[in-house]
Amino acid sequence: MDSERTVIVRMFGLLHSARKAAGLPSTVSVEVPEAGTNARLIALDLELDTDIIEGVFVNGIVFDVDHAVMPGDRIAFVPHGTPGPHRLYLGLYRAGQANAESEDSDETAVTETESDTSIQD
Amino acid sequence: MRYILRVNMSDLAITKEDLPAKWERYGGRALTSAVVFEEVPPTSDPLGAENVLVIAPGLLSGTNTPNGGRLSIGAKSPLTGGIKESNAGGQAANGLGRLGIAAIIFSGKPADESARYMLTIEADGAASMSRVDEWAGEGNYETADAIKALRPEGDRCSTITNGPAGEAGFKAAGIAVSDMKGYPNRFAGRGGLGAVMGSKGLKAIVISDKDLSTPEHADKEAFSAAIKTFSAALKEHPVSGQGLPTYGTNVLTNILSEAGGLPTRNFSNGSFEGAEATSGERQREITLERGGNVQHGCHTGCVIQCSRYWVDKDGKYKTKGPEYETVWSFGANCGINDLDAIAELDRTCGDFGLDTIEMGATMGVYMDSGEIAFGDGAAALAALKSVFGEGKPGRVMGDGTEATGKAFNVEHIPVVKHQALPAYDPRSVQGMGVTYATTTMGADHTAGYTVTANILKVGGDIDPLKPEGQVELSRNLQIATAMLDALGLCIFVAFPVLDIPEAFTAIHEMAQAHTGDTWDVDALMQLGKETLVYERLFNERAGMGPEDDRLPAFFKNVELPPHNVTFQVSDADLDTVFDFVPEVAAGMGLA
Ligand code: SF4
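Here is what the cut-offs are and how they apply
Residues numbered from 1 in each chain as written. Chains lettered and ligands numbered in written order. Predicted model: local features only at pLDDT ≥ 70, side-chain atom pairs only at ≥ 80, totals over all residues. Heavy atoms only, no water. Contact = heavy atoms within 4.5 Å. Buried area = accessible area lost by both parts, 1.4 Å probe. Salt bridge = Lys/Arg side-chain N within 4 Å of Asp/Glu carboxyl O. Polar contact = N/O pair within 3.5 Å; in protein donor to acceptor, adjacent residues only side chain to side chain. Helix = DSSP H or I, 4+ residues; strand = E, 2+ residues; numbered from the N terminus. Nonpolar A, V, L, I, M, F, W, Y, C, P; charged D, E, K, R; others polar. Phe/Tyr/Trp six-rings, centres within 6.5 Å; stacked < 30°, edge-to-face > 60°. Buried < 20%, exposed > 50% of the residue type's maximum accessible area, 1.4 Å probe, protein only. Pairing = 2+ DSSP bridges. Axes fitted to C-alpha atoms, helices over the stretch in contact; angles between N-to-C directions. Domains from an automatic or database assignment. Near = heavy atom within 4 Å. Lys, Arg positive; Asp, Glu negative; His and termini not counted.

1. Remarks on the interface of chain B and chain A
For step 1, the next point in the chain: Every contact between the two is made by 40 residues of chain B and, on the other side, 30 residues of chain A.
For step 2, the next point in the chain: In this assembly, chain B packs against chain A so that about 3100 Å² is buried in total across both faces, 65% of it on carbon and sulfur atoms.
For step 3, the next point in the chain: Of all residues in chain B, the largest losses of buried area upon contact with chain A belong to B:I255, B:E258 and B:F495, amounting jointly to 22% of the total for that side.
For step 4, the next point in the chain: Inspection of the region where chain B meets chain A yields four salt bridges.
For step 5, the next point in the chain: Viewed at the interface, chain A and chain B are joined by 10 residue pairs in polar contact (both at pLDDT 80 or more).
For step 6, the next point in the chain: Among the elements of the structure, α7 (238-247), α8 (252-258), α9 (280-289), α15 (430-438), α16 (449-459), α17 (470-487) and α18 (494-499) of chain B are those that each provide at least two residues to the side of chain B that touches chain A.
For step 7, the next point in the chain: Counting residues per element, the side of chain B that touches chain A draws most heavily on α7(B), at seven residues.
For step 8, the next point in the chain: Here the side of chain B that touches chain A is composed, by residue class, of 21 nonpolar, 12 polar and seven charged.

Here you go:
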């Protein structure tokens, strides 16, 4: 793998447990195209249930799941279920709202896009 | 009719009086804050006879309200010098609610400082004091066992106990409340209220609710319908129906670390390399491997069930599953990445009766002084035990973060109003910084649904690293929190309530059907505002001013990795949080 094109991906909460139950690690490195990709494509390649993702950290900032991811980034998928005011303060609520809006407006666009993300556990 | 049980610790007189009409709509935090405001001279000595200790179940506690059994304990705080309400789970609130007790108010103090007393309230309402001098210095677990041994076969009771830290008058002392199994592991931890209890010679309170049923409702049918709606909303929402029951509050460790908002090694970094090892996800795995319990309520009627037990390597109960704030305080904040070490520190604090947030922050500054190394769990345990034994830092640690930081010349002491900041670095989570700085928050003049809509609207727009919108969001969240605390509802119902309109409606329907009074959304928010008015006015009269509503300077001057940000909300903006007080206070006749 070209280390300059890798992205560290972490999975929290129910996504973490689902990976562990399947005998898979909850932190992986994936290789992404030089021009980047988006978080949803990475999630789909990892066979994560995108319906339960509320937000994705990209380099420590929460975005919606369609946010761009570039080589060298560090990302983390957060499912719905974050307690306390942090869901608002950290922007998870905002991200969830954006996900819902984008799903309403275009349900299929992303899943039809071909991905060339490769995964290394 | 709810009543107040008054206990004068100077002469041990116990009297019952009807709840005054002016407080009929109050429970929990609203009542503790109203009583402290009315009965405690603001400049009095918190450990003197003039302070009171008020213990109040929520307005809905004792009923079948889902997650409605939270307890408020209030007094003037020896740690902050201001008013304090410390909120705890456990069984006591439901017991008091079933007995019809709106509040127990302890006043005065015994002339004999070596005397120890236990208040026992039987299921028929009979209340008596007994001397328990032989329990002096005993830990909370030993005291809970001693109480069990005294109770008749088949009794159903809850306990509120004070550990040796409270007896010693430590400013970091909390008060323990028993859970459903009788473990004294739920805490009214913050603000040193254990020291107030200790100053009154009060070692324990026993509340029996054997064979007592829930209190009568004004409209039983309407109440049943409302709790059904409320319960369904809690189960349906992903926060209360999935995240919390599965992982508990410690699901936040990985998230806050990733956000760069997990204070690490005395607030010198926002991300902790040991986050995964101390995360809620890992906590669950280890507990399941050891055969421990990973989901139960801290009191009967909790449908969210975020509690769990931590068991040792032999599968034996050690302590409650450490909450996020505890895992942070003794974990990331001390650089300790071992959940067993954190649980040992949690158990020791629980038995001594020390607030884990204050003590973890205290340990952080002690480590920062270089006396012991960050990450050294064994040294941390020895330091904690030194509050009652040999070695450093000794007794000063029991007075908390500021006292210890000053004693060891630490530059960065993370306190506001002399109390340690909890588990979110205000530089990366600016909204939390506003809340920390101002503590008791006010409302604007919007009401009811406008407030909830506003929370979600502002919450939908803010950037955690920027100041815009933070004051407004923090203010509105605090109104809602004060309201929930007054009703006895766990704060974790907040998100279903914000997201599912029927859940909010169900709250005022429950209040109305139970009390027979008229409740609506505006009235609920007014309850939150009035609670905050009492608190703000008391603090002002105790001598606090705008300069007390500030974070320590290093949060503004020292950038926090990994985002390299400082706290940016201006002092002028912080000062707007309380703009509402004069008008609401005037409406309450408190101008
Ligand atoms: S959700 Fe957790 S803190 Fe709240 S009442 Fe239930 S067990 Fe207690």
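2. Let's talk about the packing of aromatic side chains
Each aromatic ring pair is specified by the distance between its two centres and by the angle formed by the two planes.
Residue and element names in this part refer to chain B.
For step 1, the next point in the chain: Considering all chains together, one arrives at 13 aromatic pairs over all chains under this definition.
For step 2, the next point in the chain: Ring geometry for Y26 versus Y534: centroids 5.9 Å apart, planes at 85°, classification edge-to-face. Residue Y26 is located in the loop between β2 (13-18) and α1 (28-39), and its partner Y534 is located in helix α20 (residues 521-541); the two are separated by 508 residues in the primary sequence.
For step 3, the next point in the chain: Its relative accessible area of 5% is what places Y26 among the buried residues.
For step 4, the next point in the chain: On the numbers, 5.6 Å between centres and 85° between planes, the contact of F267 with F555 is edge-to-face. Highlighted residues: F267 in the loop between α8 and α9 and F555 in helix α21 (residues 554-557), separated in sequence by 288 residues. With respect to burial, F267 and F555 carry one shared label: buried.

3. Quick look at the side chain of B:T287
For step 1, the next point in the chain: Within the secondary structure, B:T287 sits in helix α9.
For step 2, the next point in the chain: In contact with B:T287, other than residues within four places in its own chain, are B:G292, B:N293, B:V294, B:Y309 and B:W310.

4. Describing the sheet that holds strand β11 (residues 186-188) of chain B
Residue and element names in this part refer to chain B.
For step 1, the next point in the chain: Reading across the sheet, the six strands line up as β8-β7-β12-β9-β10-β11 and stay open at both edges, with mixed pairing between neighbours. The open sheet has two edge strands with one neighbour each: β8 (127-131) and β11. The mean inter-strand angle of the sheet, taken between neighbouring strand axes irrespective of direction, is 20°.
For step 2, the next point in the chain: Direction of pairing for strand β9 (residues 157-162) relative to strand β10 (residues 175-177): antiparallel, over a ladder of three bridges. Looking across to β10, one finds that I160 is bridged to V177.
For step 3, the next point in the chain: Contacting β7 (117-121), β9, β10 and β12 (202-208), helix α2 (residues 92-99) crosses the sheet at an angle of about 60° to β12.
For step 4, the next point in the chain: Of the strands in this sheet, β7, β9, β10, β11 and β12 are in contact with helix α3 (residues 140-150), which crosses β9 at around 140°.

5. Some details on the sheet that holds strand β4 (residues 71-76) of chain B
In a beta sheet, neighbouring strands are held together by backbone hydrogen bonds and run either parallel or antiparallel to one another.
All names here are of chain B.
For step 1, the next point in the chain: What the six strands build is an open sheet, ordered β2-β1-β6-β3-β4-β5; its pairing is mixed. At either margin of the open sheet sits one strand with a lone partner, and together these are β2 and β5 (83-88). When the angles between neighbouring strand axes are averaged without regard to direction, this sheet yields 20°.
For step 2, the next point in the chain: Judged from the six bridges that link them, strand β1 (residues 3-8) and β2 form a sheet pairing that is antiparallel. When the bridges of β2 are listed, Y3 appears paired with D18.
For step 3, the next point in the chain: Lying on the sheet, α2 is in contact with β1, β3 (53-57), β4 and β6 (101-107); it crosses β3 at an angle near 80°.

6. Description of the domain arrangement of chain B
All names here are of chain B.
For step 1, the next point in the chain: For chain B, the assigned domains read domain 1 (3-208) and domain 2 (248-425).
For step 2, the next point in the chain: Just the C-alpha atoms count here: the centres of domain 1 and domain 2 sit 25 Å apart.
For step 3, the next point in the chain: Contact residues are listed per partner, giving 38 residues for domain 1 and 37 residues for domain 2.
For step 4, the next point in the chain: Approximately 3000 Å² of surface area, both sides summed, lies buried where domain 1 meets domain 2, with 52% of it carried by carbon and sulfur atoms.
For step 5, the next point in the chain: Scanning the region where domain 1 abuts domain 2 turns up three salt bridges.
For step 6, the next point in the chain: Put simply, D355 and R190 hold a salt bridge, and the shortest N to O gap is 3.0 Å.
For step 7, the next point in the chain: Summed over the shared surface of domain 1 and domain 2, the result is 26 residue pairs in polar contact (both at pLDDT 80 or more).
For step 8, the next point in the chain: Where the side of domain 1 that touches domain 2 is concerned, the elements lending two or more residues are α3, α4 (164-167) and β11.
For step 9, the next point in the chain: Its residues placed into classes, the side of domain 1 that touches domain 2 shows 12 nonpolar, 18 polar and eight charged.

7. Remarks on the site of the ligand
For step 1, the next point in the chain: Surveying the vicinity of the ligand reveals the residues B:N67, B:R70, B:G297, B:C298, B:H299, B:C302, B:I304, B:Q305, B:C306, B:S307, B:C490 and B:F492.
For step 2, the next point in the chain: Residues that form the shell around the ligand fall into these classes: six nonpolar, five polar and one charged.

8. Side note on the pairing of β6(B)
Residues and elements named next belong to chain B.
For step 1, the next point in the chain: When you tally the buried positions in β6, you get six out of seven residues, the bulk of the element.
For step 2, the next point in the chain: Summarising the sheet, β3 and β6 pair through three bridges and their orientation is antiparallel. Within the sheet, the bridge partner assigned to L53 lies in β6 and is F106.

9. Comments concerning the environment of B:V471
All names here are of chain B.
For step 1, the next point in the chain: With respect to the helices and strands, V471 occurs in helix α17.
For step 2, the next point in the chain: What makes V471 buried here is its relative accessible area of 11%.
For step 3, the next point in the chain: Sequence separation between V471 and A149 is 322 residues, and the spatial gap between their C-alpha atoms is 51 Å.

10. Digging into the side chain of B:D179
Residue and element names in this part refer to chain B.
For step 1, the next point in the chain: Tracing the sequence through the fold places D179 in the loop between β10 and β11.
For step 2, the next point in the chain: Lacking a salt bridge, the buried D179 has R186 as its closest oppositely charged neighbour, with an N-O distance of 6.2 Å.
For step 3, the next point in the chain: A polar atom in the side chain of D179 sits 2.9 Å from the backbone nitrogen of K181.
For step 4, the next point in the chain: A polar atom in the side chain of D179 sits 3.3 Å from the side chain of N185.

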